[in-house]
Amino acid sequence: MAGKEVMFTPVSLGSIQLKNRLVMAPLTRMRAIAGDVPTPLAKTYYTQRASAGLIITEATQISPLGRGYPATPGIYSAQQTAAWKEIVEAVHEKGGSIVAQLWHVGRISHSSLHPEQGLPEAPSAIAASGQTYGADWKLHDYEIPRAMSVDDIARLLKEFELAAQNAKTAGFDGIEIHAANGYLLDQFLQDGTNQRTDQYGGSIENRLRLLGEVIEIVSTVFPSDQVGVRLSPYGTFNDMEDSDPVALFTAVIHKLNGYKLAYIHMIEPRSTSSGGSDQVNEGAPITSELFRAAYQGKFITAGGYDQAMGEQVLEEGLADAVAYGRLYISNPDLVERFQQNASLNPCNRATFYGGEEVGYTDYPSL
């Protein structure tokens, strides 16, 4: 079957049914209102995009300390959960499927975003280089995070469990664990950020322990075939590095093979190593080629795809679905535009983060 035909065929990711192979990637938009509650506009934004085979929500923090940027939504309070429930119901009414991406940023934060909890937490007390946005929407140097104790990790697991329970209450079709892009779970995986000497550090097996425990605890809420995991091998975003990424991520995949997950979702380094710009690093390794063969389940690939590249990767069997980010920001009806070979709306990067309707819900459909 030609790639274009494959793109519009149904697929099941675990027990999550997709009507086509286009996935709306998780996209931080920084428009939440007081209390880290999704903006009322988010209901419009997500339902406009409900023709996607699957919507993965913007990264959604599991606790106040998990918050890394101003105006990102949470899923740890009743008010947040109620707002997500309205969004999920509206997407379902339009025939869409939607999963919640559960997020803790670890050291990629600033104490002004969670003044009651103080410094950001991380596997080890190693600051990221560079700056980040504080609660005042101004740039601040990264702080040296507090190294998490074993008790902190136990609390974190309870926070993941509660977030999963809230996602279930809201009616989501599943959840995606964010273990990519230099955030907390990725910080535990990679030895540039994890220099612990206890059972969560040192060997690759120890560094994988926390990700395994998170999968196990959320799988007491959702069956594991409604749980996805996002990874970013070779990604340098957020000052990440590992001494042996092939060995590490091969081990991660072998571990994930044991869980019968809905899917794994890998970000191609050509986009993550470009550090959040529109540039694509053409010289980066292609992870779908390196790691697809090792993974026995369903595979979503993301990062700098256009329609032709997406069709090709599906046709070659290197992925079961393709996630689109920037194209979904500016084209709510991306599925229909791809089907009709219609022109695409250009996106306006200046309106990606913060604001209201402009650059959020005002992009035209065909």
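Residues numbered from 1 in each chain as written. Predicted model: local features only at pLDDT ≥ 70, side-chain atom pairs only at ≥ 80, totals over all residues. Heavy atoms only, no water.

*Asks:* I'd like a rundown of the pairing of strand 15 (residues 321-324), residues and numbers included.
*Replies:* Here strand 15 shows two buried faces, one formed by Ala 321 and Ala 323 and the other by Val 322 and Tyr 324. As paired elements, strand 3 (residues 22-24) and strand 15 share three bridges and run parallel to each other. Counterpart to Leu 22 in the pairing with strand 15 is Val 322. When strand 14 (residues 299-302) meets strand 15, the two strands line up parallel, connected through three bridges. Considered in strand 15, the bridge of Ala 302 is made with Ala 323. Remark: the strand 14/helix 10 (residues 307-315)/strand 15 crossover connection has right-handed handedness. (Buried < 20%, exposed > 50% of the residue type's maximum accessible area, 1.4 Å probe, protein only. Helix = DSSP H or I, 4+ residues; strand = E, 2+ residues; numbered from the N terminus. Pairing = 2+ DSSP bridges. Right-handed = clockwise from strand over helix to strand, strands pointing away.)

*Asks:* Explain the packing of helix 2 (residues 41-48) against helix 3 (residues 78-93) residue by residue, including any values.
*Replies:* With their axes 9 Å apart at the nearest point, helix 2 and helix 3 run at an angle of 25° to one another. Our classification of the angle between helix 2 and helix 3 gives roughly parallel. Crossing angle aside, the handedness with which helix 2 passes helix 3 is right-handed. Counted together, Ala 42, Lys 43, Tyr 46 and Thr 47 of helix 2 and Trp 84, Glu 86, Ile 87, Ala 90 and Val 91 of helix 3 form the full contact between these two elements. (Axes fitted to C-alpha atoms, helices over the stretch in contact; angles between N-to-C directions. Parallel < 35°, antiparallel > 145°, perpendicular 65-115°, else oblique. Left-handed = near helix turned anticlockwise from the far one by under 90°. Contact = heavy atoms within 4.5 Å.)

*Asks:* So what's going on with empty space enclosed by the protein? Residues and values would help.
*Replies:* Applying the stated criterion across every chain yields a total of one cavity of 30 Å³ or more. There is about 40 Å³ of room inside the largest cavity. For the largest cavity, the full set of lining residues is Arg 31, Ala 32, Pro 38, Thr 39, Ala 42, Glu 58, Pro 73 and Tyr 360. For the lining of the largest cavity, the per-class residue count stands at five nonpolar, one polar and two charged. (1 Å grid on protein atoms, 1.4 Å probe; cavity = no way out; pocket = protein on both sides within 12 Å on 5 of 7 lines; lining within 4 Å. Points joined across faces, edges and corners; volume = space filled by probe spheres on them. Nonpolar A, V, L, I, M, F, W, Y, C, P; charged D, E, K, R; others polar.)

*Asks:* Which residues make up the packing of helix 6 (residues 204-218) against helix 7 (residues 245-257), and what values do they have?
*Replies:* For the pair helix 6 and helix 7, interaxial distance at closest approach is 10 Å and the crossing angle is 40°. As for how helix 6 packs across helix 7, the hand of that crossing is right-handed. Here Ile 204, Arg 207, Leu 208, Leu 211, Gly 212 and Ile 215 of helix 6 lie close against helix 7, whose contacting residues are Ala 247, Leu 248, Ala 251, Val 252, Lys 255 and Leu 256. Taken together, the residues of the contact of helix 6 with helix 7 sort by class into nine nonpolar, one polar and two charged.

*Asks:* Help me get a handle on helix 7, residues and values and all.
*Replies:* The terminal C-alpha atoms of helix 7 lie 18 Å apart, and with 13 residues this matches the ideal 18 Å at 1.5 Å per residue to within 8%. Among the residues of helix 7, those classed as buried are Pro 245, Leu 248, Phe 249, Val 252, Ile 253, Leu 256 and Asn 257. (Expected span 1.5 Å × (residues − 1).)

*Asks:* Residues and numbers for the nonpolar core, please.
*Replies:* Grouped together as the largest cluster of nonpolar side chains are 78 residues, with contacts concentrated most on Leu 211, Val 229 and Leu 256. Every residue in contact with Leu 256, bar those within four places of it in the chain, is listed here: Leu 211, Ile 215, Val 229, Leu 231, Leu 261, Ile 264 and Tyr 295. Counting residues in each nonpolar core, the second largest holds 15 residues, with Ile 16, Val 99, Ala 262 and Tyr 263 among its members. (Core = buried A, V, L, I, M, F, W, Y, C linked by side-chain atoms within 4.5 Å.)

*Asks:* Tell me about the pattern of salt bridges, and please be specific about residues and values.
*Replies:* Under the defined criterion, the tally for this structure stands at 13 salt bridges. Between Lys 85 and Glu 89 there is a salt bridge; the shortest N-O distance is 3.0 Å. Linking Lys 85 with Glu 89, this pair stays in helix 3, spanning four residues, or about one helical turn. Salt bridges sharing common partners tie together Glu 121, Arg 146, Asp 152, Arg 155 and Glu 159. (Salt bridge = Lys/Arg side-chain N within 4 Å of Asp/Glu carboxyl O.)

*Asks:* Lay out the packing of aromatic side chains with the relevant residues and their values.
*Replies:* Summed over the entire model, instances satisfying the criterion amount to nine aromatic pairs. Considering the side-chain rings of Tyr 45 and Tyr 46, the 4.9 Å spacing of their centres and the 65° angle between planes classify their relative orientation as edge-to-face. Here Tyr 46 falls in the buried class, since its relative accessible area comes to 1%. Ring geometry for Phe 352 and Tyr 353: centres 6.2 Å apart, planes at 85°, overall edge-to-face. Every member of this aromatic cluster is reached through a ring pair, and the members are Tyr 45, Tyr 46, Trp 84, Phe 172 and Tyr 360. We note Lys 168 situated over the ring of Phe 222; from NZ or CZ to the ring centre the distance is 5.4 Å. (Phe/Tyr/Trp six-rings, centres within 6.5 Å; stacked < 30°, edge-to-face > 60°. Lys NZ or Arg CZ within 6 Å of the ring centre and 35° of its normal.)

*Asks:* Account for unusual backbone geometry, with residues named and values stated.
*Replies:* Phi angles above zero are rare outside glycine, and Asp 36 is one such case at about 55°. Note that Asp 36 resides in the loop between strand 3 and helix 2. A positive phi angle, near 65°, is found at Trp 137, a position not held by glycine. Structurally, Trp 137 can be placed in the loop between strand 8 (131-133) and strand 9 (139-141).

*Asks:* So what's going on with the confidence of the model for the protein? Which residues, and what values?
*Replies:* Confidence in the prediction of the protein, expressed as mean pLDDT, is 94, and 94% of residues score 70 or more. Below pLDDT 50 for its whole length, residues 272-277 participates in 18 contacts with residues either more than four positions away or in separate chains. (pLDDT = per-residue confidence, 0-100.)

*Asks:* Account for the side chain of His 110, with residues named and values stated.
*Replies:* Within the secondary structure, His 110 is located in the loop between strand 6 (98-103) and strand 7 (121-122). The class of His 110 is buried, set by a relative accessible area of 10%. A polar contact is formed between the side chain of His 110 and the side chain of Ser 112, at a distance of 2.9 Å. (Polar contact = N/O pair within 3.5 Å; in protein donor to acceptor, adjacent residues only side chain to side chain.)

*Asks:* Please provide a residue-by-residue account of helix 10, values included.
*Replies:* Here helix 10 has its buried residues at Gln 307, Gly 310, Glu 311, Val 313 and Leu 314. All buried residues of helix 10 lie within an arc of 165° about the axis, which places them on one face of the element. N-capping of helix 10 is provided by Asp 306, with a side-chain oxygen placed 3.2 Å from the backbone N of Ala 308. Downstream of helix 10 by a residue or two, Gly 317 has a phi angle that is positive, lying close to 75°. (Arc of directions from axis to C-beta.)

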